[in-house]
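# Examining the three-dimensional arrangement
Residues per chain, in single letters:
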Amino acid sequence: MLRTHTCGELRRAQAGQTVILAGWVHSYREQGRELVFVDLRDRYGKTQVVFNTDEDTRIDALARRLRREDVIRVEGEVRYRGDGMTNAKLSTGEIEVRVHQLTLLSRSKTPPFEIEGGELPNEELRLKHRFLDLRRPELQRNIQLRHDLTQAVRSYFNDLNFLEIETPMLGRSTPEGARDYLVPSRVHHGSFYALPQSPQIYKQILMVSGFDRYYQIARCFRDEDLRADRQPEFTQIDVEMSFVQRDDILATIDGLVSTVMKKVRNIDVPTPLPRYTYHDVMARFGSDKPDMRFGMEITDITDIALASEFSVFRGVAGSGGFIRGLTVKNGAEKYSRRLLDVDLKNFVGDYGAKGLAYMKVAGGRLESSIAKFFSDEQQQTIISRMGGADGDLLLFVADTWKVTCSALAALRNRIGREQQLYDPQSFSCLWVVDFPLLTWNPEEGRFDAEHHPFCQPNPDDAEYLKTDPGKVRADSYDLVVNGYEAASGSVRIHDSEIQQMVFDLLKINSEEAERRFGFLLEALRFGAPPHAGIALGLDRWVMLLAGNDNIREVIAFPKTQKAADMLTGAPSEVDDRQLRDLRIAVTEQEK
RNA sequence: GGGGUCGUAGCUCAGUCGGUUAGAGCGCCAGCCUGUCACGCUGGAGGCCGCGGGUUCGAGUCCCGUCGACCUCGCCA
């Protein structure tokens, strides 16, 4: 070993010992010709080392040429710094190492940005020099947290007799869902593998094979546009169980969440986690992943609008639309006309809303350019239904159900954040259940699977499968944490007849079904146990535990919004030779 | 594919109405300093103002295009 201790572990108790440390020169302070201080840094902390001519002048000459981020090894004696000379900011601040021998292991160029302190450079530069960025304490902490969480997850499942089983990365493309990342086959000209969007089908097949408790920390790939919380490759905690029902999965994951949160961050999560139906959260929060760290629920006033004299509202209400609103407590003074008429109006416009109506509560009445269209009685009904009080701001969107939901949900999140309606350190975890199984796709003239085509219809709704498929609820569930979809799963179809009915509704004919999923359907014909599963987004979970809102901060080597790796330059062109082997020709882009 | 923000020294940024030699802090380099720890003091170097066009007597500044990063809508079974 090149060292006897790390830079984070020496204490006063070790005073007098001769030790060897190795690490990076974090900071360098020269104090006259013959006294040099260096803060030596490694993953574990920092230790002050001292060079002094008392010891050896030859070393001193080299010591004076040290620069930040050089890698050195020092041998020396641990000494108590002396009263009044300790540094409470360092865990090793009571001691220093007086160097007898210095070895320069590696020189560093001047880093393009400061490892600690100073403002963060732009992300492009950070990603190009990710090896330096990762030296920063925040990222070191995040990576450590990710490790802790992963280990806690493994330990939890291992204790419950789950098997961790790997599934292939080179799989078959199934055109459902997200775009696949394709990998050309050299041996089979013109054929392609697809990187997995998730191990969904493999894990179901493992259930048929009798591995009744499976989990995997699985890398998944989706070739879709990125967001702050979405990367093209990401990690799922993938879980599947046999001989279980929905509540068994929920209880298992309740246990996972509370155990892991306690273990890695000492956060108490009471279980069972609350459950809400899809219909309930859409009505109250406009979102299937509501942030329940604060209230400010949506109120529906469609009936009042229909009876009012306000033609815009009446028109929408009369043609099957909805008028729904939010109550911003004490918001009347906080949002100027400009903010309301321009900023917030444009904001809801991004979600398809054609306008944003607003009223202020003052003197027990409504104050607004549109208040005159509402009778006194209607005004009182609106105020009481929306829980309004003097000084409150009422915001309304009049549109289709879908638009009112997405616009008000986004508005609610924005105002909650802006007005600091919740503690950003807190956590709210909940289940959303009873999603619709199918959503009607008018363009294609068929239903689409809301979750995926293997999701079990809720047995209570079996009769609707033939009469009114849009009403069928799925036996599916999402775990929502602080407004993020943290996990998603379902009870799977284990009966090939029901599977056939669902394929019919999705207008996947049996020939097509056999071609795409034949291997799964065939497996289901050989004695498939009832099974159910779920997948948790590992990156998002770490992100939330790290108190971050960007997934790249918890991934060692993330990609940019255009899915490029700034460090390595991927994706890149390849040699013609490689393309010839694959018989692939690159064509010019069509204009 | 659409909308938005940004791009000036190694980094973070300022740069007025289009007008002299483009600035600051940090970092870097050199010198000084024997108890510093965001050390301090003195001095110095460092600029394709993302790139390409255009308007103008004159462009960091205005216009068009383009590249890149970020946020976002669509998209993400």
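Residue indices begin from 1 for each chain and proceed along its sequence in written order. In the order they appear in the text, chains get letters beginning with A and ligands get numbers beginning with 1. Whole-chain, interface and lining totals are the exception, using all residues; otherwise, since this is a predicted model, local features are given only for residues with pLDDT of at least 70 and side-chain atom pairs are given and counted only at 80 or more. Hydrogen atoms and water are omitted, and side-chain values are computed over all heavy atoms in the structure.

## So, the overall build of chain A
The number of helices and strands found in chain A is 17 helices and 22 strands. Seen along its three principal axes, the alpha-carbon backbone of chain A occupies a region of about 90 × 75 × 55 Å. Going through the 591 residues of chain A one by one, you find that 48% of them count as buried. Taking the intrachain contacts of chain A between residues at least 6 apart in sequence as the baseline, contacts between residues at least 24 apart amount to 67%. When the accessible surface of chain A is totalled, it reaches about 30,000 Å², and 48% of it is carbon and sulfur. Comment: elements are numbered from the N terminus, with helices defined as DSSP H or I runs of at least four residues and strands as E runs of at least two. Throughout this description, buried means an accessible area under 20% of the type-specific maximum (1.4 Å probe, protein chains only), exposed means over 50%, and partly exposed covers the range between. By the convention used here, residues are in contact when the closest approach between their heavy atoms is within 4.5 Å. All accessibility values rest on the Shrake-Rupley procedure with a 1.4 Å probe; residue burial counts only the protein chains present in the view.

## A word on the side chain of Thr252
With respect to the element layout, Thr252 can be found in helix H6 (residues 246-265). Counted as a polar contact is a pair of N or O atoms within 3.5 Å, where, for protein atoms, one must be capable of donating a hydrogen and the other of accepting one, and residues adjacent in sequence contribute only when both atoms are in side chains. Within the structure, the side chain of Thr252 is placed 2.7 Å from the backbone oxygen of Asp248, a separation counted as a polar contact. Discounting residues that sit within four places of it in the chain, Thr252 has contacts with Tyr156, Phe157, Leu160, Phe162 and Met241.

## Points about the protein's contact with RNA strand B
Throughout this document, a residue counts as near a molecule or strand when at least one of its heavy atoms sits within 4 Å of that molecule or strand. Surveying the vicinity of RNA strand B reveals 54 residues, the closest of which are Glu30, Glu96, Asn122, Ala449 and His451. The sugar-phosphate backbone supplies 54% of the atoms of RNA strand B found within 4 Å of the protein. Within the backbone of Asp350, one N or O atom sits 3.4 Å away from a sugar or linking oxygen of RNA strand B. Listed by contribution, the elements that provide at least two residues to the surface near RNA strand B are strand S1 (18-30), strand S2 (35-42), strand S3 (45-52), strand S5 (95-106) and helix H2 (123-128). Here the residues of the surface near RNA strand B sort into 12 nonpolar, 17 polar and 25 charged. Gly falls in the polar group here, along with every residue not listed as nonpolar (Ala, Val, Leu, Ile, Met, Phe, Trp, Tyr, Cys, Pro) or charged (Asp, Glu, Lys, Arg).

## Notes on the domain arrangement of chain A
Segmenting chain A into domains produces domain 1 (12-106), domain 2 (139-263 + 482-577) and domain 3 (294-418). The split into domains, and so the bounds of each, comes from an automatic or database assignment of domains. In this structure, domain 1 and domain 2 have C-alpha centres spaced 48 Å apart.

## Considerations on the packing of aromatic side chains
Between rings of Phe, Tyr and Trp, where Trp is taken as its six-membered ring, a pair exists when centres lie within 6.5 Å; planes separated by under 30 degrees are stacked, by over 60 edge-to-face, and by other angles tilted. Enumeration over the complete set of coordinates arrives at 16 aromatic pairs. A centroid spacing of 5.4 Å and a plane angle of 75° characterise the contact between Tyr156 and Phe157, whose relative ring orientation is edge-to-face. Residue classification places Phe157 among the buried residues on the basis of a relative accessible area of 0%. Considering the side-chain rings of Phe313 and Phe374, the 6.3 Å spacing of their centres and the 70° angle between planes classify their relative orientation as edge-to-face. Here the residue Phe313 occupies a position in helix H9 (residues 311-318), and Phe374 occupies one in the loop between strand S15 (365-367) and helix H11 (376-385), the gap between them amounting to 61 residues. Ring-pair connections join several aromatic residues into one group, and the members of that group are Phe310, Phe313, Phe373, Phe374 and Phe396. By definition here, charges over rings are those cases where NZ of Lys or CZ of Arg is within 6 Å of the ring centre and within 35 degrees of the ring normal. Note that Arg12 overlies the ring of Tyr80, its terminal NZ or CZ placed 3.5 Å from the centroid. Across from the ring centre of Trp401, 4.0 Å away, lies the NZ or CZ of Arg324, which sits over that ring.

## Some points on the pattern of salt bridges
A side-chain nitrogen of Lys or Arg and a carboxyl oxygen of Asp or Glu constitute a salt bridge if their distance falls within 4 Å. Scanning the model with the defined rule gives 43 salt bridges in all. The partner of Arg136 in a salt bridge is Asp133, with the nearest N and O atoms 2.7 Å apart. Both residues of the pair, Arg136 and Asp133, belong to the buried class. As a salt-bridge pair, Arg492 and Glu240 come within 2.8 Å of each other at their nearest N and O atoms. Placement of the pair is Arg492 in the loop between strand S21 (484-491) and helix H14 (496-505) and Glu240 in strand S10 (residues 233-242), with a sequence separation of 252 residues.

## What to know about the nonpolar core
With 45 residues, the main nonpolar core has Leu479 and Trp541 as its most contacted residues. Per-element tally for this core: the top contributor is H6, with 8 residues. With residues up to four places along the chain from it excluded, the contact list for Leu479 reads Ile253, Val257, Leu273, Leu430, Trp431, Tyr484, Glu485, Ala486, Ala487 and Leu536. Here, the term nonpolar core denotes a set of buried Ala, Val, Leu, Ile, Met, Phe, Trp, Tyr and Cys residues that are joined through side-chain atoms within 4.5 Å. Counting 23 residues, the second largest nonpolar core, distinct from the first, contains Val328, Val348, Tyr358 and Ile415.

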